[in-house]
Amino acid sequence: MKKRTLTLLISLGALILVAALLILILSLDKDIEKKEKNVEDNTLIDVVPDMNSEVDYIEYTNSYGTFAFELNEGEWQYKDDADFPLSTNYIQAIANDVDSLTAVRDLTEDAKDMKEYGFGKPSVTLKVGYEDGKELLFVFGVYASEGVYMKHDDKIYVVDTALMGDCSRDISGLAKLEAMTPVDTMKIVSVNVDGTEYTDEASIESFVYDYQFISVESYVDYKDIDKYGFGETDHSISVKYVEENMIEDEEGNLVSAEVEKEYSFKFAEKDSSEYLVFNDSETVYMTNNKAKALLDCVKPESEETASE
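Thresholds, definitions, all that
- Residues numbered from 1 in each chain as written.
- Predicted model: local features only at pLDDT ≥ 70, side-chain atom pairs only at ≥ 80, totals over all residues.
- Heavy atoms only, no water.
- Helix = DSSP H or I, 4+ residues; strand = E, 2+ residues; numbered from the N terminus.
- Expected span 1.5 Å × (residues − 1).
- Buried < 20%, exposed > 50% of the residue type's maximum accessible area, 1.4 Å probe, protein only.
- Arc of directions from axis to C-beta.
- Contact = heavy atoms within 4.5 Å.
- Pairing = 2+ DSSP bridges.
- Salt bridge = Lys/Arg side-chain N within 4 Å of Asp/Glu carboxyl O.
- Core = buried A, V, L, I, M, F, W, Y, C linked by side-chain atoms within 4.5 Å.

A. Helix α2 (residues 88-99), seen in detail. Its 12 residues give α2 an end-to-end C-alpha distance of 17 Å, which sits within 8% of 16 Å, the value for a rise of 1.5 Å per residue. Turning to α2, its buried residues are I91, I94, A95 and V98. One side of α2 carries all its buried residues, which in axial view fall inside an arc of 95°. Exposed positions of α2 whose direction lies more than 90 degrees from the buried face are N89 and D99. Next to the buried residues of α2 lie β2 (55-62), β3 (65-72), β4 (75-78), β6 (124-130), β7 (135-144) and α4 (162-166).

Right under this line is the structure:
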């Protein structure tokens, strides 16, 4: 009797263990199915098919107006004025974003009134042209929980905001923003301030110290340089320095040698603001009002030495 009871208990325990394992396996299967469904639900949708041609025209309309750009001999130019100092990085970013554009959701089958998506008064409209003559049109509406609503090729998608953001700038926000060239005290041959050249160590060290605090803050203009004090109150600065370059010797071998170079800019003050242009360019930038310190970098003994 005791043996039978023990056998029954062992069998019951085994059944309970098998049942627990089955429940665990079923639970794991459900978790795997749920994860697979989440992966499927989060699959990004390719919006633009592979194009066998290069983008050569981009035009967008936003709250600032309509701006068009065309590719000319490998360089992007502002269509209305080829002389505008356009930063090609911004325009190329638009072309790249179009090429890799994906959507979070395709709402075409469940589409409602277009006004609900903001297409009646779009935030941004983008037209992209290709060398083979094909054109793509993208219309961006209002923001969605996962990005922004976009209409393209009779379909409605939810996409992230990157492409719309690229097309939300005014033309002034697309200008090149130059930076001050780094200078190394040990490589400077001389500095020239308003026509007077200084080669002594004290002046150069003082110049470099003040120079390091100057920064370009924003683009201002590229046509009317006279409006910003140039020609009236401007100051000319140039720096001669040496740089290691590879050059050919008399026998045609490449050798390392120090080559003297020159870097220059002008700055002026107007209405309590400081403006700067590089070299012979007429593109005007606003500074952080630190360039004027360069005028005081020369020590009295250096001025005396320079006059001698």
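Let's pick the thread back up.
B. The arrangement of the pairing of β2 in detail. Counting buried residues in β2 gives six out of eight residues, a clear majority hidden from the surface. Alignment of β2 against β6, held across six bridges, turns out to be antiparallel. Looking at β6, one finds that T61 is bridged to T125. Where β2 and β3 come together, six bridges link them in antiparallel fashion. In the sheet register, Y57 faces β3, and the bridge partner there is E70. Once β2 ends, the chain turns through two residues before running back antiparallel as β3.

C. Representation of the pattern of salt bridges. Taken as a whole and judged by the stated rule, the model has seven salt bridges. Notably, a salt bridge pairs K270 with E232, separated by 3.8 Å at the nearest N-O pair. Note that K270 is positioned in strand β14 (residues 254-270) and E232 in the loop between β12 (216-221) and β13 (235-248), a separation of 38 residues in sequence. Taking relative accessible area as the criterion, K270 reaches 28% and is therefore assigned partly exposed. With relative accessibility at 58%, the residue E232 sits in the exposed group.

D. Region of the structure containing the environment of V284. Position of V284 relative to the elements: it lies in strand β16 (residues 284-287). With a relative accessible area of 0%, V284 lands in the buried category. V284 sits 17 residues away from F267 along the chain, and the two C-alpha atoms are 9.3 Å apart. V284 has contacts with Y219, V220, D221, I225, Y228, F230, Y275, L276 and V277, leaving out every residue within four places of it along the chain.

E. Structural context of the nonpolar core. Within the largest apolar cluster, 58 residues are counted, with the highest numbers of intra-cluster contacts made by F69, L126, F138, F140 and F265. Apart from residues lying up to four places away in sequence, L126 is in contact with I58, E59, Y60, I94, V98, L136, L137, F138, F140, L163 and C167. Membership of the second largest hydrophobic core comes to eight residues, among which are L107, Y149, I156 and V158.

Nothing here speaks to function; it is all geometry.
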